[in-house]
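# A look at the structure
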Amino acid sequence: MKIGYVQTSPTFSEKTQNFEQVKNLLNNIKADLIVLPELFATGYTFISKKEAESLAEDINGQTAQFLKKLSKITGGVVIGGFIEKDGDEIFNSAMIVSKNEVIGTYRKIHLYYKECLWFSPGNKPLRIYEVNNVKIGIMICFDWFFPETIRTLALLGADIIAHPANLVLPYCQKAMTTHCLVNRVFAVTSNRIGNEVRGEDDFKFTGGSQITSYNGNILSSAPTDKVYIKFIEIDVIHARDKKLNSYNDLLNDRRPEFYLL
Ligand code: ACM
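Quick caveat, the model's predicted, so the values are computed rather than measured.

About the cut-offs
- Residues numbered from 1 in each chain as written.
- Predicted model: local features only at pLDDT ≥ 70, side-chain atom pairs only at ≥ 80, totals over all residues.
- Heavy atoms only, no water.
- Phe/Tyr/Trp six-rings, centres within 6.5 Å; stacked < 30°, edge-to-face > 60°.
- Helix = DSSP H or I, 4+ residues; strand = E, 2+ residues; numbered from the N terminus.
- Lys NZ or Arg CZ within 6 Å of the ring centre and 35° of its normal.
- Pairing = 2+ DSSP bridges.
- Axes fitted to C-alpha atoms, helices over the stretch in contact; angles between N-to-C directions.
- Contact = heavy atoms within 4.5 Å.
- Parallel < 35°, antiparallel > 145°, perpendicular 65-115°, else oblique.
- Left-handed = near helix turned anticlockwise from the far one by under 90°.
- Buried < 20%, exposed > 50% of the residue type's maximum accessible area, 1.4 Å probe, protein only.
- Lys, Arg positive; Asp, Glu negative; His and termini not counted.
- Salt bridge = Lys/Arg side-chain N within 4 Å of Asp/Glu carboxyl O.
- Polar contact = N/O pair within 3.5 Å; in protein donor to acceptor, adjacent residues only side chain to side chain.
- Disulfide = S-S within 2.5 Å.

Right, let's get into the packing of aromatic side chains. By the definition in use, this model includes 17 aromatic pairs. On the numbers, 5.9 Å between centres and 85° between planes, the contact of Tyr44 with Phe205 is edge-to-face. Of this pair, Tyr44 sits in the loop between strand 2 (33-35) and helix 2 (49-54) while Phe205 sits in strand 11 (residues 201-206); the two residues are 161 residues apart in sequence, bridging distant segments of the chain. Above the face of the Phe91 ring, Arg107 is positioned so that its terminal group lies 4.1 Å from the ring centre. Looking at Arg198, its charged tip hangs above the ring of Phe12, at a distance of 3.8 Å from the centre.

Listed below in structure tokens is the structure:
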């Protein structure tokens, strides 16, 4: 199957322009799984909860409509970040869309820095979405810092981790090689580039979107400062065989009775 990322340079709060950039980058692309960055349509650096709320949507909003269109044009499952409104709360979420359907949303469980001022922490369990016989787990950006996230998705049977991101720290890409190796899963980290100077914050997003293989190999690494897309053929069968040799199976060999969680 063909999986990949779209590394964008969103303009803060300009949803239509940001949709357009994604659409143009994916011109003529057919793929099975397309991962877009965290908060790809809104930007990241909010200065108040009110501002974030003003850009929030439910699963029938503009972003859902856009992702449905994209899924139809590309033929693939599309996953991208958005601000999810649910009653009085908003979440830093990612939506998974296939054809004309929003299959679900994942609400980021580990909020980074001031995100806790705008967003409620994710309140839904980690889960797997099975589409076309492929098991997809979702985590968002800073979730990578907590190895329990990807381990849980691996234990739930994930073949591929879809990882929308707005990375500002320089560690994730390297860390994902180990995360993928020790969980024997593929991952698509879709990051953004550019700067956002808003309020007292000045973020530089690190690009370097990455497709990481089940054995820790990096299958694609985007530039740190350019808009970029990449799609790669993979076979998820490799993620389903957790045997390292005839004696070791990395999930069965775990000794949870010795672990603290
Ligand atoms: C981040 O979690 N967006 C740094």
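This part covers the sheet that holds strand 14 (residues 228-233). Here six strands make up an open sheet; going across it, the order is 5-4-3-2-1-14 and the pairing mixed. Either end of the sheet is taken by a strand with one partner, and the two such strands are strand 5 (101-107) and strand 14. Pairs of neighbouring strands in the sheet enclose a mean axial angle of 30°, with direction left out of account. As defined by bridge partners, strand 1 (residues 2-7) adjoins strand 14 across six bridges and the pair is classed as antiparallel. Note that in strand 14 the partner of Tyr5 across the bridge is Lys230. Set on the sheet, helix 3 (residues 62-74) makes contact with strand 2, strand 3 (77-86), strand 4 (89-98) and strand 5; between it and strand 4 the angle comes to about 20°.

Below, the discussion takes up the packing of helix 1 (residues 15-25) against helix 3. Helix 3 packs onto helix 1 with a crossing angle of 15° between their chain directions and a minimal axis gap of 11 Å. One finds that helix 1 runs roughly parallel with respect to helix 3. Viewed along their axes, helix 1 and helix 3 form a crossing whose handedness is right-handed. Residues Lys15, Thr16, Phe19, Val22 and Lys23 of helix 1 form the contact with helix 3, whose participating residues are Gln62, Thr63, Phe66 and Leu70.

As for its placement among the helices and strands, Asp249 is situated in the segment after helix 7 (237-240). Although Asp249 is buried, it forms no salt bridge, and the closest oppositely charged side chain is Lys243 at an N-O distance of 4.0 Å. In terms of polar contacts, Asp249 uses its side chain to reach the backbone amide nitrogen of Asn252, at 3.0 Å.

To continue, consider the pattern of salt bridges. The tally for this structure, following the rule as stated, stands at 12 salt bridges. In this structure, the salt-bridge partner of Lys108 is Glu115, at a minimum N-O distance of 2.9 Å. Assigned by exposure class, Lys108 and Glu115 land together as buried. The network of salt bridges with shared partners includes Glu38, Lys108 and Glu115.

Scanning the entire structure with this criterion turns up zero disulfides. Cys116 takes part in no disulfide bond, and the closest cysteine sulfur to it belongs to Cys141, at a distance of 15 Å. In this structure Cys116 comes out as exposed when scored by relative accessible area, which is 52%. Residue Cys172 stays outside any disulfide, its sulfur separated by 6.7 Å from that of Cys141, the closest cysteine.

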